[in-house]
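Given next are the chains, with one letter for each unit.
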Amino acid sequence: MTWQGFQAHFQRIRDNKAFELFVITVIILSSLMIGVRTYPLPDAAMSFLWVMDYAVTLFFLIEIIIRMAAEDRLRDFFKKGWNIFDFTIVVVSLIPLDDAEYALIARMLRLFRVMRLISFIPELRVLVTALINALPRMGYVALLMFIIFYLYAVVGTLLFAKINPVLWGDLGTALLTLFRVATFEDWTDVMYETMEVYALSWIYYLTFIFFSAFVFLNMMIGIVVEVLDEEHKKMLAAEKALEESEHQSQQDDMQAQIEALNRKMDLLLAQKGAGQ
């Protein structure tokens, strides 16, 4: 069999839905094995998990080689960001797990195997892509939020440092206290403590919560939802274009077959006419 034949065979394996589901199952299984290993287990069970870990690593290596071989050109494989992501995780998984100095790091790196689910599930790819694309816009909102945090932290330090130095003694601790207030972690205790000295200090807390929890949080959510909607539209457009391309390809194949049959008919008629 020629290389083109092997390549066509690899492409059929790569595009097979059953193969994709099997890969997803192995990814989930490998993640569960890492979680199970955190419990105290008998030596026999640990040995079995080690064998399974090597088997999963070998499977991932074979799977990534199949996907690379299925491309017309090897460099086409690395043109897709998700392929680079998968390739990196597989290479990291090849780091030997022994009692050496970096064994713990290697075990921790293998946790990233579960991240391969993102590249195999289209919906997860859309979510991650939307999050990455939303980061620049969210960065400006985060910058504005930091400015508000900074201003309120300085004011809180000036007003409440003598009341509770543990919470308001300096800028750093004041920022941590404001983060506690923004996440509603017993924030009323902090407010009532300062209200014993400054009766109107509730205004400070309520205005801060209004900005941090209501305004900025909703702005973040709005940005993510907008970008997610854009990514969904792009995915639907790509799927529609792929379907149209496949439909056009089928029509072209049918047209080519019809033309080939017509040529054969013309040839047969010509031969029949010459025989008469």
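Notes on the structure follow. Since this is a predicted model, take the numbers as computed values, not measurements. (Residues numbered from 1 in each chain as written. Predicted model: local features only at pLDDT ≥ 70, side-chain atom pairs only at ≥ 80, totals over all residues. Heavy atoms only, no water.)

**Regarding the packing of helix α3 (residues 43-69) against helix α5 (residues 81-93)**
Going by this rule: Every axis in this analysis is a line fitted to C-alpha atoms, fitted for helices over the stretch in contact. Angles between the N-to-C directions lie between 0 and 180 degrees. Each helix is a run of DSSP H or I of at least 4 residues and each strand a run of E of at least 2, with the numbering of both proceeding from the N terminus. Take the far helix as your reference; a near helix turned counterclockwise from it by less than a right angle gives a left-handed crossing, and one turned clockwise gives a right-handed crossing. Residues are treated as being in contact if the distance between any of their heavy atoms lies within 4.5 Å.
Interhelical geometry of α3 versus α5 gives an angle of 145° and a closest axis separation of 10 Å. Taken as a pair, α3 and α5 cross one another with a handedness that is left-handed. Contacts between α3 and α5 pair T57, F60, L61, I64, R67 and M68 from the former with N83, D86, F87, V90 and S93 from the latter.

**Examining the environment of L117**
Worth spelling out the cut-off: Only protein chains enter the accessibility calculation, which uses a 1.4 Å probe. A residue is then buried if its area is under 20% of the maximum for its type, exposed if over 50%, and partly exposed in between.
Within the secondary structure, L117 is located in helix α7 (residues 116-120). Owing to a relative accessible area of 16%, L117 belongs among the buried residues under this scheme. Sequence-distant contacts of L117, that is, excluding residues within four places in its chain, are made with I24, I27, I28 and L124.

**Details of the packing of aromatic side chains**
For clarity, the cut-off: Two aromatic rings, drawn from Phe, Tyr or Trp (for Trp, its six-membered ring), form a pair once their centres lie within 6.5 Å of each other, and the interplanar angle then sorts them: stacked below 30 degrees, edge-to-face above 60, tilted otherwise.
The tally for this structure, following the rule as stated, stands at 18 aromatic pairs. When the ring of F77 is compared with that of F78, the centres are 5.2 Å apart and the planes differ by 85°; the resulting orientation is edge-to-face. Residue classification places F78 among the partly exposed positions, given a relative accessible area of 31%. Seen in terms of ring centroids, F149 and F208 are 5.0 Å apart; in terms of plane orientation they differ by 75°. Their pairing is edge-to-face. Of this pair, F149 sits in helix α8 (residues 122-160) while F208 is found in helix α12 (residues 202-275), placing the two residues 59 residues apart along the sequence. Across the pair, exposure class does not vary: F149 and F208 are buried alike. An aromatic cluster is defined as three or more aromatic residues linked by ring pairs; in this entry it consists of F149, Y152, F160, W168, Y198, Y204, Y205 and F208.

**Looking at α3**
Every α-helical turn comprises 3.6 residues, leaving residues that sit three or four positions apart pointing alike. Spelled out, the test is: Here, expected helix span is obtained from the residue count minus one, scaled by 1.5 Å.
Look at α3: 39 Å from first C-alpha to last across 27 residues, which is about the 39 Å you get at 1.5 Å a residue. Turning to α3, its buried residues number three or more, namely L49, D53, V56, T57, F59, F60, E63, I64, I66, R67, M68 and A69.

**Focus: the nonpolar core**
Note the following rule: For our purposes a nonpolar core is just a set of buried Ala, Val, Leu, Ile, Met, Phe, Trp, Tyr and Cys residues, chained together by side-chain atoms within 4.5 Å.
Grouped together as the largest cluster of nonpolar side chains are 27 residues, with contacts concentrated most on W168, L178, Y204, Y205 and F208. Going through the elements one at a time, α8, α9 (165-168), α10 (171-182), α11 (187-195) and α12 are the ones with two or more residues in this core. Residue contacts for Y204: discarding those within four places in its chain leaves Y152, A153, V155, G156, F160, W168 and L178. V23, V56, M68 and F77 belong to the second-largest nonpolar core, a separate cluster that totals 16 residues.

**A short note on unusual backbone geometry**
A positive phi angle, close to 60°, is found at F184, a residue other than glycine. Along the polypeptide, F184 turns up in the loop between α10 and α11. On the basis of relative accessibility, which here comes to 43%, the residue F184 falls in the partly exposed class. Not every positive phi belongs to a glycine, and D186 is a case in point at roughly 55°. Within the secondary structure, D186 is located in the loop between α10 and α11.

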